[in-house]
Amino acid sequence: MSTRDEKLQRIVEARLKLRARFLEKMARTPGLSDERPQGSGPPNRHGMPKLPPDQTETRKWPVLDLGVPFDQPSLEEWELRIDGAVEQPLTLSWTDFRSLPQAEDTSDFHCVTGWSLMDVQWKGVQLATLAALARPLPEAGFVLAHAYDGYTTNLALEEALKDDVLLVHTYNGKPLPREHGGPVRMITPQLYAWKGAKWIRRIEFLRQDQPGFWEQRGYSNTAHPWRDDRYS
Ligand SMILES: Nc1nc2c(c(=O)[nH]1)N[C@H]1C(S)=C(S)[C@@H](COP(=O)(O)O)O[C@H]1N2
Ligand SMILES: [Mo]
């Protein structure tokens, strides 16, 4: 077996172990797990009305961020760090990142300010794949995403490890444009879009929850669009 196959097999094994651990946790906290998929539309819409409460569909994708100037790394300079409460902290180059197993998913993108972009086709790497490489410690229960513009946002690990949480580089078949967080941003289709850091730079695993930029400023910690869970 080639080292590449071995690497993939290790990732899959680690992923399945993590999955078992978090399925158990989700079963103990049913409010955090989603309903079984049913009905039509992308998986983050299955069994639900077309739009979450108080959302309006948009055709054109708005740009919404802090707008602070920052140094955009070239692809040669770009790196993604995975660290904190993990067994194996790691730093991935652009080439490393692109050679990881790739995932595709179609989902809707809901902004807390009231617009929703429907049926977006995403391509990228599952956060769960990165977690499998870094191996979060049993005490790790949270993730803090850090971005190149200084933005941060936090997630419970059981949300972060959902299959549709991706670090995307492609949307609707095109490279993710810089204004939407290219070369790589995170998406969290089960949660409002602010939980997905544009220009992602670092994923920090945490033993204790640590509110991110908007969460420190009164946004909901949990951010579930279908529950109109916007602010705390
Ligand atoms: N790095 C970074 N990521 C960010 C933000 C930001 O200011 N900086 N804003 C968040 C908010 S509030 C929203 S609604 C979405 C918007 O993504 P978009 O500009 O691609 O529509 O990005 C989220 N991720
Ligand atoms: Mo937002």
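Anything mentioned here points back to the structure above.
Just so it is clear, the model here is predicted, and its values are computed rather than measured.

*Asks:* What is the right way to read the overall build of the protein from this model?
*Replies:* Summing up its helical and strand segments, the protein has four helices and 11 strands in all. In summary, the protein has a C-alpha radius of gyration of 17 Å against a globular reference of 17 Å for 232 residues, a match within 12%. For the protein, the C-alpha atoms occupy an extent of roughly 50 × 45 × 35 Å along the three principal directions. Counting across all 232 residues of the protein, residues that qualify as buried make up 51%. Taking the intrachain contacts of the protein between residues at least 6 apart in sequence as the baseline, contacts between residues at least 24 apart amount to 70%. By element, 50% of the accessible surface of the protein is carried by carbon and sulfur atoms, the whole surface being about 11,600 Å². When the 30 basic and 32 acidic side-chain charges of the protein are each reduced to a single mean position, those positions are 1 Å apart.

*Asks:* Quick question: what am I supposed to make of the sheet that holds strand β2 (residues 79–84) here?
*Replies:* Strand-to-strand pairing in sheets goes through backbone hydrogen bonds, with the strands running parallel or antiparallel. Spatial ordering of the open sheet is given by β3-β2-β11-β6-β7, a layout of five strands whose pairing is mixed. Either end of the sheet is taken by a strand with one partner, and the two such strands are β3 (90–93) and β7 (152–156). The mean inter-strand angle of the sheet, taken between neighbouring strand axes irrespective of direction, is 15°. With six bridges joining them, strand β6 (residues 142–147) and strand β11 (residues 200–206) adopt antiparallel strand pairing. Residue pairing in the sheet places Val143 in a bridge with Phe205 of β11. Those strands touched by helix α3 (residues 127–134) are β2, β3 and β11, and its axis lies near 60° from that of β11.

*Asks:* How should the site of ligand 1 be read in this particular structure?
*Replies:* Contacts to ligand 1 come from 21 residues, most closely from Leu64, Leu66, His180, Arg185 and Lys198. One of the backbone N or O atoms of Leu64 is found 2.7 Å from an oxygen atom in ligand 1. Between ligand 1 and Arg185 there is a distance of 2.7 Å, counted from an oxygen atom to a side-chain nitrogen or oxygen. Burial of ligand 1 by the surrounding chains reaches 98%, relative to a free accessible area of 530 Å². Split into classes, the residues belonging to the shell around ligand 1 amount to 15 nonpolar, two polar and four charged.

*Asks:* Which parts of the structure should I look at to understand the pattern of salt bridges?
*Replies:* Two side chains bearing opposite charge may form a pair once their charged atoms approach each other closely. Within this structure, the stated rule accounts for 14 salt bridges. Salt-bridge contacts for Asp65 lead to Lys198; the nearest nitrogen and oxygen are separated by 2.9 Å. One end of the pair, Asp65, is in the loop between β1 (56–58) and β2; the other, Lys198, is in the loop between β10 (185–187) and β11, and 133 residues separate them in sequence. Put simply, Arg81, Asp83, Arg202 and Glu204 are held in one network by salt bridges that share partners.

*Asks:* Even after reading the chapter, I still don't get the side chain of Glu215, so can you show me in this structure?
*Replies:* Residue placement: Glu215 occurs in the segment after β11. Judged by its relative accessible area of 9%, Glu215 is buried. Of the polar contacts made by the side chain of Glu215, one reaches the side chain of Trp194; its length is 2.8 Å. One polar contact links the side chain of Glu215 to the main-chain amide nitrogen of Gly212, over a distance of 3.2 Å. In this structure Glu215 touches Thr152, Thr153, Asn154, Trp194, Lys195, Ser220 and Asn221, once residues within four positions along its chain are discounted.

*Asks:* I'm lost on the packing of aromatic side chains in this one. Help?
*Replies:* Each pair of aromatic rings is reported with the distance of its centres and the angle of its planes. Overall, the coordinates contain 16 aromatic pairs when judged by the stated rule. Between the aromatic rings of Trp122 and Tyr171, the centroid separation amounts to 6.4 Å while the plane-to-plane angle is 40°, which identifies the pairing as tilted. Residue Trp122 is found in strand β5 (residues 115–126), and its partner Tyr171 is found in strand β8 (residues 166–171); the two are separated by 49 residues along the sequence. Of the two residues, Trp122 and Tyr171, both sit in the buried class. Ring geometry for Tyr219 versus Tyr231: centroids 5.1 Å apart, planes at 85°, classification edge-to-face. Taken as a pair, Tyr219 in the segment after β11 and Tyr231 in the segment after β11 lie far apart in primary sequence, 12 residues in all. Members of the aromatic cluster, joined through ring pairs, are Tyr151, Tyr192, Trp194, Phe213, Trp214, Tyr219 and Tyr231. In this arrangement the basic side chain of Arg217 is found over the ring face of Phe213, its NZ or CZ atom lying 3.8 Å from the centre.

*Asks:* Just checking my understanding: could you explain the pairing of β5 for this structure?
*Replies:* For β5, a buried count of nine out of 12 residues is recorded, marking the element as mostly surrounded by other parts of the structure. Strand direction decides the pairing type here: β1 and β5, joined by three bridges, are parallel. Residue pairing across strands places Thr56 opposite Trp115, the latter belonging to β5. Bridge analysis of strand β4 (residues 103–110) against β5 gives seven bridges, and the strand direction is antiparallel.

The rules behind these values
- Residues numbered from 1 in each chain as written.
- Chains lettered and ligands numbered in written order.
- Predicted model: local features only at pLDDT ≥ 70, side-chain atom pairs only at ≥ 80, totals over all residues.
- Heavy atoms only, no water.
- Helix = DSSP H or I, 4+ residues; strand = E, 2+ residues; numbered from the N terminus.
- Rg over C-alpha atoms; globule rule 2.2 N^0.38 Å.
- Buried < 20%, exposed > 50% of the residue type's maximum accessible area, 1.4 Å probe, protein only.
- Contact = heavy atoms within 4.5 Å.
- Areas by Shrake-Rupley, 256 points an atom, 1.4 Å probe, with all protein chains shown as cover.
- Lys, Arg positive; Asp, Glu negative; His and termini not counted.
- Charge placed at Lys NZ, Arg CZ, Asp CG, Glu CD.
- Pairing = 2+ DSSP bridges.
- Axes fitted to C-alpha atoms, helices over the stretch in contact; angles between N-to-C directions.
- Near = heavy atom within 4 Å.
- Polar contact = N/O pair within 3.5 Å; in protein donor to acceptor, adjacent residues only side chain to side chain.
- Nonpolar A, V, L, I, M, F, W, Y, C, P; charged D, E, K, R; others polar.
- Salt bridge = Lys/Arg side-chain N within 4 Å of Asp/Glu carboxyl O.
- Phe/Tyr/Trp six-rings, centres within 6.5 Å; stacked < 30°, edge-to-face > 60°.
- Lys NZ or Arg CZ within 6 Å of the ring centre and 35° of its normal.

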